[in-house]
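# Secondary and tertiary structure notes
Spelled out from the first residue to the last, the chains are:
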Amino acid sequence: MLYLYNEDYNEPFTEAIEPLMKSYYQGSTISDIRSFLQMCREEQDPKREERRKAFEKCIPFFDGQCGMRVKEDIIYDLKNSIL
């Protein structure tokens, strides 16, 4: 993941996602994009482990079942609400 940023503006990140954003490759120039693409072509990913840890920290239920949990929560709430 390459996060492109504007050198003239520092986008503030919430504390909850800051580790995740810092685990992404970052750049602001065409040279940064080219370097990132070359790294991908070479199948290199030095930040892979850092990104995995950040995902575990920032997205605790990163298991592909988030939609199912939301659906189950809605059904549960509907069944148990007083209408």
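On a predicted model such as this, the values are computed, not experimentally measured, just so you know.

Attention now moves to the nonpolar core. Formed by Y3, L20, M21, Y24, A54, F55 and C58, the largest nonpolar core amounts to seven residues. Of all the secondary structure elements, the ones that give two or more residues to this core are helix 1 (18-23) and helix 3 (48-58). Considering each element in turn, this core owes the most residues, three residues, to helix 3.

Using the criterion set out here, one finds six salt bridges in the structure. Notably, a salt bridge pairs R52 with E56, separated by 2.3 Å at the nearest N-O pair. Of the two residues, R52 and E56 both sit in helix 3, four residues apart, roughly one turn of that helix. For R52, a relative accessible area of 38% gives the class partly exposed.

The next subject is unusual backbone geometry. Glycine aside, residues mostly have negative phi angles, and peptide bonds mostly take the trans form. Positive phi is not limited to glycine here, since E43 has a value of about 55 degrees. With respect to the secondary-structure elements, E43 resides in the loop between helix 2 (30-41) and helix 3.

Per the counting criterion, the structure on display carries two aromatic pairs. Taking the centre distance of 5.7 Å and the plane angle of 65 degrees together, the rings of Y3 and F13 count as edge-to-face. Here the residue Y3 occupies a position in strand 1 (residues 2-4), and F13 occupies one in the loop between strand 1 and helix 1, the gap between them amounting to ten residues. According to the relative accessible area criterion, Y3 is buried, its value standing at 19%. We classify F13 as partly exposed; its relative accessible area is 28%. When the centroid spacing of 5.7 Å and the interplanar angle of 50 degrees are considered together, the rings of Y25 and F36 count as tilted. On the criterion of sequence distance, the pair formed by Y25 in strand 2 (residues 25-27) and F36 in helix 2 is long-range, its members being eleven residues apart. The pair Y25 / F36 is uniform in exposure class, with both members buried. Above the face of the Y25 ring, K47 is positioned so that its terminal group lies 5.7 Å from the ring centre.

Rules used throughout
- Residues numbered from 1 in each chain as written.
- Predicted model: local features only at pLDDT ≥ 70, side-chain atom pairs only at ≥ 80, totals over all residues.
- Heavy atoms only, no water.
- Core = buried A, V, L, I, M, F, W, Y, C linked by side-chain atoms within 4.5 Å.
- Buried < 20%, exposed > 50% of the residue type's maximum accessible area, 1.4 Å probe, protein only.
- Helix = DSSP H or I, 4+ residues; strand = E, 2+ residues; numbered from the N terminus.
- Salt bridge = Lys/Arg side-chain N within 4 Å of Asp/Glu carboxyl O.
- Phe/Tyr/Trp six-rings, centres within 6.5 Å; stacked < 30°, edge-to-face > 60°.
- Lys NZ or Arg CZ within 6 Å of the ring centre and 35° of its normal.

Shape descriptors only; they carry no functional weight alone.
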